[in-house]
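The chain contents come next:
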Amino acid sequence: MNTDTNNPVRWGILSTASIASKIARAINLAHNAELVAIASRTEERANAWAKKQNVPIAYGTYDDLLSDASLDAIYIPLPPSMHAEWTIKAAENGKHVLCEKPLSADSDEATIMINACQQNGVQLMDGVMWVHHDRTEMMKKEIKNLGELRRVTAAFTFNWNTIPTDNIRAKPELGGGSLGDLGYYCVRAILWAYEEMPTKVFATARYKVGVDFNFAGILWFENDRIATFDCGFDTGLRKWFEVAGTKASLVCDDFTVPTSEESARFWIHGPGNVKHETGTCIQEVNMIERFSGIVQSNKLEPEWAEVAVNTMRVCDALRESAQQGRVVKL
Ligand SMILES: NC(=O)c1ccc[n+]([C@@H]2O[C@H](COP(=O)([O-])OP(=O)(O)OC[C@H]3O[C@@H](n4cnc5c(N)ncnc54)[C@H](OP(=O)(O)O)[C@@H]3O)[C@@H](O)[C@H]2O)c1
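All residue numbers refer to positions counted from 1 along the written sequence of the respective chain. For this predicted model, a pLDDT threshold of at least 70 governs which residues receive local features, and a threshold of 80 or more governs which side-chain atom pairs are given and counted, while totals over whole chains, interfaces and linings are taken from all residues.

Around the ligand, the surrounding shell holds 19 residues, and the nearest of these are Ser15, Thr16, Ala17, Ser18 and Ser40. Note that Gly is not counted as nonpolar here; it falls among the polar residues with everything else outside the nonpolar set of Ala, Val, Leu, Ile, Met, Phe, Trp, Tyr, Cys and Pro and the charged set of Asp, Glu, Lys and Arg. Partitioning the shell around the ligand into residue classes produces nine nonpolar, five polar and five charged. Boundary definitions for the domains trace back to an automatic or database domain assignment. When residues are assigned to domains, the shell around the ligand turns out to be shared by domain 1 (9–128) and domain 2 (130–284 + 313–329), each giving three or more. Placing the C-beta atom from the backbone, one calls a residue near a molecule or strand if that atom lies within 6 Å of it.

A few words on the sheet that holds strand β9 (residues 211–221). When DSSP finds two or more bridges between two strands, those strands count as paired. Helix and strand labels come from DSSP, where a helix needs a run of H or I of at least four residues and a strand needs a run of E of at least two; each type is numbered from the N terminus. Strand order across the open sheet formed by nine strands is β14-β13-β12-β11-β7-β10-β9-β8-β15, with mixed pairing between neighbours. Two strands in the sheet have a free side with no partner beyond their single neighbour: β14 (273–277) and β15 (328–329). Taken together, the three bridges between strand β12 (residues 249–252) and strand β13 (residues 265–269) define a ladder with antiparallel strand orientation. Within β13, the position partnered with Leu250 by the bridge is Ile268. Contacts from helix α7 (residues 178–194) reach β7 (149–159), β9, β10 (225–232) and β11 (234–245) within the one sheet, and its direction differs from that of β7 by about 160°. Here, residues touch in the contact sense if the C-beta positions derived from the backbone fall within 7 Å of one another. Axis angles are defined between N-to-C directions and span 0 to 180 degrees, where every axis is a line fitted to C-alpha atoms and, for a helix, only to the segment in contact. Lying over the sheet, helix α9 (residues 303–324) contacts β8 (200–208), β9 and β15, oriented at roughly 65° with respect to β8.

A separate point is the domain arrangement of the protein chain. Here the protein chain is described as being made up of domain 1 (9–128) and domain 2 (130–284 + 313–329). Taken together, the contacts link 13 residues of domain 1 with 15 residues of domain 2. With four residues, the single largest contributor to the side of domain 1 that touches domain 2 is helix α1 (residues 18–29). Across the side of domain 1 that touches domain 2, the residue classes tally to eight nonpolar, two polar and three charged.

For α7, built from 17 residues, the straight-helix expectation of 24 Å at 1.5 Å per residue is met to within 8% by its first-to-last C-alpha distance of 23 Å. Among the 17 residues that make up α7, 17 are buried, leaving the element largely enclosed by the rest of the structure. Within two residues after α7, Glu195 carries a phi angle of roughly 55°, on the positive side. The length a helix should cover is 1.5 Å for every residue beyond the first. For the exposure call, what matters is how many other C-beta atoms sit within 10 Å of a residue's own: 20 or more marks it buried, 12 or fewer exposed, and in between partly exposed, using C-beta atoms placed from the backbone.

This is the structure in structure tokens:
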């Protein structure tokens with residue numbers, strides 16, 4: 001990982017989203033990054049956030065931040081329906097883009113985003129943090145020892161007792177819904193394990209307030225492999241996956257956000273039960289350092305955008321399947 005501390009990448013954040021505080025901390029902790037500017041739809045909110053987070057520059061519009069020639073990289077934690085518009089604008093302003101998940105409202109938008117970033121010679125990556133954790137590389141090595149892979153199962157849920165109708169996740173016009181918010185992580189885990197796209201999918205969903213409130217999917221792959229997942233806003237916190245092969249299986253019970261920053265765990269179940277643990281690791285710091293390293297090296301890594309678009313393509317097929325009640329081929 002390139003971590004040039006002498007010439008840190010200068011970051012700006014588009015909006016005072018809840019998740020922006022986590023990334024502000026990560027940028028501050030990263031060896032090769034510096035948080036320079038925040039933008040909000042109102043100057044008051046931008047100023048208040050800048051003061052609280054100790055950020056030097058506050059802009060009262062997103063466009064003003066994108067016009068700041070001193071910025072190298074932009075983090076976009078806007079509602080999903082706004083990701084495409086602001087990624088394209090950022091790219092046209094010559095900024096590298098770390099855009100939150102889901103990458104976009106649909107895969108057509110995602111393709112336009114990729115093209116805009118390519119044409120302007122800037123990096124595009126989605127904000128899936130767990131793939132940057134040290135544990136993920138360890139798990140990838142262990143997957144090779146499971147025998148022939150047969151099944152991946154994943155779940156990501158949390159429970160709303162009362163639907164917060166002002167939350168972006170409950171608003172269809174902002175790209176809400178559990179598939180994009182939570183299922184996106186499960187689909188990414190499945191693609192990560194199998195390193196291939198499914199051939200066909202089937203899904204079912206329950207809808208409330210105009211969004212998919214919970215969602216369950218089946219994905220078929222070549223060579224006798226299958227995957228299933230569920231996600232939703234109506235079940236207590238679950239964030240696990242299992243990758244099962246002919247010899248053994250790997251279980252990670254907190255893949256999206258490890259329970260502790262001091263160590264992260266997973267198990268291999270087979271003839272024995274072996275627990276593996278990492279040392280201290282903050283996955284969002286790894287993500288920022290990796291992204292900043294790409295910017296510093298000036299060697300773009302297109303695979304990050306490609307996997308994000310593939311995740312969107314699978315989500316689109318799953319959504320279509322749930323809406324039409326039939327198997328959808330990819
Ligand atoms: N990677 C992760 O671990 C992770 C975790 C949580 C969320 N996320 C993703 O990050 C994004 C933001 O999620 P969040 O929970 O942080 O959202 P949030 O707190 O609701 O923030 C969204 C921000 O977008 C801006 N905005 C612009 N137009 C808006 C509109 N019409 N309605 C609402 N907000 C609008 C607002 O900022 P201003 O008022 O300052 O302009 C608002 O603070 C989503 O894509 C979500 O999926 C990722």
